[in-house]
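Report on the structure
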Amino acid sequence: MSTLGQLVLSGIFIGGIYALMSIGLTLIFGVLRIVNFAHGEFLMLGMYGAWAITQLLGLNPYIAAIAIVPAMFLFGAIVHQLIVRPGLDKPHLVVVFATMGLSIFMQNVALMIMTADLWDVPPIFNQSVAIGPFYFKAELLLGFAVTMVCTLLLQWLIRTTYLGKAIRATVQDGEAAMLMGIPVPRIFLITFAGGSALVGLAACIMMPLFSVFPTVGLNFVLIAFVIVVLGGMGSIEGALLGGICIGVVQSLSSYYVAPAYGQMFYFILFLLVMIFRPNGLLGQKGAATIGIND
Amino acid sequence: MSVGVTHQSSGRRALPFFPRRGTPVSVIEILLLVVCVALTVVGLPQSLQDVAVLTFLWAGLALAWNIAGGYAGLISFGHAAFFGVGAYTSTILFVQAGVTPWIGIWCGAVVAGVFGALLALICARLRGPFLILSTLAAAEVVRIGALNWASLTGGPEGLSIPPVAAFTSMVFASKAAYVVMMLLFLLGVYAVTKFLEGSRYGYYLFSVRDDADAASAAGVNPLVVRTVAMALSAGLTGIGGSLFAQYFLYLDPTFVISPELSFQFALLAAVGGLGTAIGPVLGSFLITPMSELLRSYLGSQAAGLHLVIYSALLIVVMLYFPGGIAGALARLASRRDKP
Amino acid sequence: MTAILTVDNVSHRFGSLWAVRDVSFSVERGELLGLIGPNGAGKSTLYNLIAGALIPTKGEIVFDGLKVSHWKSYRIARVGIARTFQIPKPYRQLTVVENVMLTAFQQESSVSRARALAIETLADVGLSDYIDVPVNALTVGLLKRLEVARALAMRPKLVLFDEIMAGLTPTEVSTMTKFVGGLPARGITVIWVEHVLYAIMKTASRIMVLNRGELIANGEPAKVARDPAVVKAYLGEEMNLA
């Protein structure tokens, strides 16, 4: 029984971290109605950055976040202006292929510069924290804490600030938002850049827990997609809920079921959600079937 | 983004220069055919034969992908699953049951076609990125299944075909024979594509792609049209997979059912020109040789450099030439035709 | 003459909003029936219900003896109901003639004969000059005429026109009015939603008025025009429409 408890709790914690990684994706999905297929590579970039700062300056990834988050914001803004924006008024497959292209580009540039080796950061806290009868790595708990704080902060921002309301309006109906005077192109830019910054933050808290290598993005982006569709496009609470679900599913399945099949679970889960609840657990009705830029 | 548009030709030309939807043949197509046949018959130096084999094969596969992605509007990043299913079916039948691949590839096509129809039904109501992600997920399920069902597929160790040359086992001693085989595959898929594009069913495909509601109001059943398109696309992809197995003589799920391979089919079709017959061919003819040559000259020195180049190329082409090479050339050609 | 279409107590709800409420009417073969009403009255919803794009929450629709309330739109199209869309929905990567060929395929299975039928239909609506033009080069007015051509190429038994006059010049309005007016003689029953009242007044044998989802008038054009309820629905005050 205590194994089950340990598994479920660690699943929840890691799930929270996965959620942080996915919030950017779901916001971009909800506001711009596009999928950034390079999302995993943004994560990879953030992780390499966190690693580099840690190794070169002798700091730790959490402190590195101070530099990484704004850097990723800037990177996201550049990618948006150069690659996403020109594709927005064209058939949606343009953005799909362009971001796919960016994904492959980034993976291979990383391969050329950093080689295929796995890089890690040295452990920061050399201890496990006890919660009741269970033990967790301090980095895991810290990561989860950061996620919760971040999510609450985002929720507060979305609900109280003008920017937040503008974002919610654009998610609901971009055209109407524009007619209401909301500067939708600027909202797009801020959302994309902000989503990238969030991925950067996620990268920093994930660096102590995972190794970085050029294709690390692929593993996590698929998880992120599943989380986003589970939770519903554009929903932050949905991403959190979805993340926790996935974390628990992963934790349980890798212990009770052969690890090889573990990954297959999310894909099947994804397909089931697509068939039966395409709008996710908390998403807008009709989002998946009415379609994007159709 | 439409290319090959039939426009009013006030002066009667014997043959259009550039391919157009509806006209069976054009100058460019004849030229390309002549060049390909000549290269195949005259014979290429050993080193280039591999390149030719792959160029023709990927061209055929890009064309097959295009039936779903370009004509039906069902952008799939999971077609490697059909490739793998076709390849494994014919190989398992041959290696374990002694069935000659000449029959096995058709079995593979049918199985792949069934998978395709299933995928279309699963994704029936999905659009845009949701459809794409679902195809990705479905392909991954197939890959992981193949990787783990060792008793059937040989698992991570893969399956080999004994390199014993014999016509009945579709294993050839000379590379030149493979070049011919792949060229025939390409011509076959090209013929299917051209036939489709000028047929009533082809129009149904385009209508469902462009506006499914309007198509429905015109009496077209979008679900049936999409399912048949996906099944056809999958079946042809499966044949390509089987032919690849006969050439490469080794199957391994990590390569054969990979997202990278799926993406390659889509990339070649998109860069070449979606929704046209000549587009995917041009895409492969341009990119495959470049890729193979880069890979052999640079080797492991700059692992990934060739991918860096094409992904950059892809980004530029998609943003500035969404009609691909074929689209750009068609625009040039139509400007030439104007008085 | 038997009714070709019977709409029986049809209601449709979107969420908590009843867009169409207890609408009942029938259309005789060969009639030209006008359907008018202020914006938001439920005319497009009614069309979607008849054409199969929506399934009515309540009520029955019978076409040519067939109970079609739950049929999908492609099935309904195949038994002879054609419709135009208020905001034209052309196939953007095809040419004008190819757009019409799609519906022509309901009548002719060969590509060449469908093309011939399409060209003939395009001539009927005055679009012969645009046969091989890519459809995304057309203006809205031309697209509306294309919608008409697409509907007619199906040689339908019943056609539902949805504001096909918007964007037409006065001469074009006159030509189109005469053209549509001549359809019943060709064996085509017409229901015509239109804001250009002149056209309907001239051609319709009967006019129905929809307001807030309900049918508030159903009769001869002259009578309907003087009906105070109708006037009120449109203008909110007493005025003479005819």
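Please read all numbers here as calculations on a predicted model, not as lab measurements.

Moving on, we come to the overall build of chain A. For chain A, the helix and strand inventory stands at 12 helices and two strands. For chain A, the succession of helices and strands along the chain, N to C, is α-α-α-α-β-β-α-α-α-α-α-α-α-α. Over its C-alpha trace chain A gives a radius of gyration of 19 Å, about what one expects of a compact globule, namely 19 Å for 294 residues. Counting only C-alpha atoms and orienting by the principal axes, one finds that chain A spans roughly 55 × 45 × 35 Å. By residue count, 54% of the 294 residues in chain A fall in the buried class. Here the analysis covers contacts within chain A between residues at least 6 apart in sequence; of these, 77% occur between residues at least 24 apart.

For the rest of this paragraph, the subject is the overall build of chain C. In terms of helices and strands, chain C carries nine helices and 10 strands. What you see for chain C is a C-alpha radius of gyration of 18 Å, in line with the 18 Å of a compact globule of 242 residues. In terms of its C-alpha atoms, chain C occupies a principal-axis envelope of roughly 50 × 40 × 35 Å. Residues classed as buried in chain C amount to 46% of the 242 residues present. Sequence-distant contacts in chain C: of pairs separated by 6 or more residues, those separated by 24 or more amount to 61%.

The biggest cluster of nonpolar side chains holds 291 residues, and the ones touching the most others in it are M47(A), A202(A), A229(B) and W192(C). Each of domain 1 (1–80 + 156–242) and domain 2 (89–154) of chain C gives at least three residues to this core.

Moving on to helix α3 (residues 96–104) of chain C. With respect to burial, α3(C) is a largely interior element, nine of its nine residues being buried. Within α3(C) the residues assigned to the buried category are V96(C), V97(C), E98(C), N99(C), V100(C), M101(C), L102(C), T103(C) and A104(C).

The subject of this paragraph is the interface of chain B and chain C. Listed by partner, the interface residues are 24 residues for chain B and 25 residues for chain C. Those elements that provide at least two residues to the side of chain B that touches chain C are α8 (200–210) and α9 (212–217) of chain B. Considered class by class, the residues forming the side of chain B that touches chain C number nine nonpolar, 11 polar and four charged.

Time to look at the environment of A229(C). Residue and element names in this part refer to chain C. Inspection of the secondary structure puts A229 in helix α9 (residues 228–235). Sequence spacing of A229 and A217 is 12 residues, and the spatial spacing of their C-alpha atoms is 8.0 Å. Residues within four places of A229 in sequence aside, it is in contact with I216 and A217.

The interface of chain A with chain B comprises 39 residues on the first partner and 34 residues on the second. When residues of the side of chain A that touches chain B are traced back to their parent elements, those giving at least two are α3 (61–88), α4 (92–114), α11 (259–276) and α12 (287–290) of chain A. Here the side of chain A that touches chain B is built from residues that sort into 29 nonpolar, eight polar and two charged.

Here we take up the packing of helix α2 (residues 46–71) of chain B against helix α10 (residues 222–248) of chain B. Residues and elements named next belong to chain B. Between α2 and α10, whose axes approach to 8 Å, the crossing angle comes to 165 degrees. Relative to α10, α2 is oriented roughly antiparallel. The hand of the α2/α10 crossing is left-handed. When α2 is examined against α10, the residues V53, L57, G60, L61, A64, W65, I67, A68 and Y71 are found in contact with a partner set consisting of A229, M230, L232, S233, L236, T237, G240, L243, F244 and Y247.

Below, the discussion takes up the packing of α3(A) against helix α8 (residues 184–206) of chain A. Relative orientation and spacing of two packed helices are given, respectively, by the angle between their axes and the distance between those axes. Packing of α3(A) against α8(A) leaves a shortest axis separation of 7 Å and a crossing angle of 145 degrees. For the pair α3(A) and α8(A), the sense of crossing is right-handed.

Residues and elements named next belong to chain C. Spatially, the four strands line up as an open sheet ordered β2-β1-β4-β5, and their pairing is antiparallel. For this open sheet the edge positions go to β2 (17–28) and β5 (66–67), each flanked by a neighbour on one side alone. Here strand β4 (residues 58–63) pairs with β5 via two bridges, running antiparallel. Opposite F63, over in β5, you have L66 as the bridge partner. In this fold helix α1 (residues 43–51) packs onto β1 (3–14), β2 and β4, with an angle of close to 60 degrees to the strand it touches most, β2.

Here we take up unusual backbone geometry. Phi is positive for M170(B), which is not a glycine, with a value near 55 degrees. With respect to the secondary-structure elements, M170(B) resides in the loop between β1 (159–160) and α7 (175–197). M170(B) sits in the buried class, given 23 other C-beta atoms within 10 Å. Phi is positive for R155(C), which is not a glycine, with a value near 45 degrees. Secondary-structure assignment places R155(C) in the loop between α5 (140–152) and β7 (158–162). Note on R155(C): 18 C-beta atoms within 10 Å, which makes it partly exposed.

Residues and elements named next belong to chain A. In the sheet, strand β1 (residues 128–131) pairs with strand β2 (residues 134–137) via four bridges, with the strands oriented antiparallel. Bridging across to β2, S128 finds its partner in K137. Counted along the chain from β1 to the antiparallel partner β2, the turn is two residues long, and its residue G132 has a positive phi close to 65 degrees.

Residue and element names in this part refer to chain C. Of the strand pairs in this sheet, β1 and β4 are connected by five bridges, and their pairing is antiparallel. Pairing of D8 across the sheet is with E60, part of β4. Between β4 and β5, which pair antiparallel in sequence order, lie two residues; one of them, D64, sits at a positive phi of approximately 55 degrees.

Turning our attention to the arrangement of the chains. Between all two pairs of chains that are in contact, chains A and B come out with the most contacts. Separated throughout, chain A and chain C approach each other most closely at a C-alpha pair spaced 11 Å apart.

Residue and element names in this part refer to chain A. Inspection of the secondary structure puts L25 in helix α1 (residues 2–32). You can call L25 buried: it has 25 C-beta atoms within 10 Å. Placed 10 residues apart in sequence, L25 and V35 show a C-alpha to C-alpha distance of 7.5 Å. If near-sequence neighbours (up to four positions away) are discounted, L25 is found in contact with N36, H39, G195, A224 and V228.

All names here are of chain C. Reading across the sheet, the six strands line up as β6-β7-β8-β3-β9-β10 and stay open at both edges, with mixed pairing between neighbours. Edge positions in the open sheet fall to β6 (81–83) and β10 (214–219), since each of these has one partner strand only. Mean inter-strand twist for the sheet, computed between neighbouring axes without regard to direction, equals 15 degrees. The pairing of β7 with strand β8 (residues 189–193) spans five bridges and is parallel. Bridged to V159 within β8 is V190.

This paragraph deals with the confidence of the model for chain A. The predicted model of chain A has a mean per-residue pLDDT of 85, with 94% of residues at 70 or higher. Per-residue pLDDT stays below 50 along residues 288–294 of chain A; that stretch engages in 21 contacts with residues further than four places along the chain or on separate chains.

With that out of the way, let us pick up the domain arrangement of chain C. Residues and elements named next belong to chain C. Per the domain assignment, the segments making up chain C are domain 1 (1–80 + 156–242) and domain 2 (89–154). Across the contact, nine residues belong to domain 1 and 10 residues belong to domain 2. Tallied by class, the residues present in the side of domain 1 that touches domain 2 amount to six nonpolar, two polar and one charged.

With that out of the way, let us pick up the confidence of the model for chain C. All names here are of chain C. In the predicted model, chain C carries a mean pLDDT of 89, and the fraction of residues at 70 or more is 96%. Considering only residues more than four positions removed or in separate chains, one finds that residues 237–242, a stretch of pLDDT under 50, has eight contacts. We note a pTM of 0.88 for the whole complex and an ipTM of 0.89 for its interfaces.

Once that is clear, we can look at α5(C). Owing to its 3.6 residues per turn, the α-helix aligns residues three or four sequence positions apart on the same side. All names here are of chain C. Along its 13 residues, α5 runs 19 Å from first to last C-alpha, staying within 8% of the 18 Å computed at 1.5 Å per residue. Taken together, the buried positions of α5 are L142, K144, R145, L146, E147, V148, A149, R150, A151 and L152. Looking at the buried positions of α5, the neighbouring elements they touch are β6, α3, α4 (111–124) and β7.

Cut-offs used in this document
- Residues numbered from 1 in each chain as written.
- Chains lettered and ligands numbered in written order.
- Predicted model: local features only at pLDDT ≥ 70, side-chain atom pairs only at ≥ 80, totals over all residues.
- Helix = DSSP H or I, 4+ residues; strand = E, 2+ residues; numbered from the N terminus.
- Rg over C-alpha atoms; globule rule 2.2 N^0.38 Å.
- Buried ≥ 20, exposed ≤ 12 C-beta atoms within 10 Å, placed from the backbone.
- Contact = placed C-beta atoms within 7 Å.
- Core = buried A, V, L, I, M, F, W, Y, C linked by C-beta atoms within 7 Å.
- Domains from an automatic or database assignment.
- Nonpolar A, V, L, I, M, F, W, Y, C, P; charged D, E, K, R; others polar.
- Axes fitted to C-alpha atoms, helices over the stretch in contact; angles between N-to-C directions.
- Parallel < 35°, antiparallel > 145°, perpendicular 65-115°, else oblique.
- Left-handed = near helix turned anticlockwise from the far one by under 90°.
- Pairing = 2+ DSSP bridges.
- pLDDT = per-residue confidence, 0-100.
- Expected span 1.5 Å × (residues − 1).

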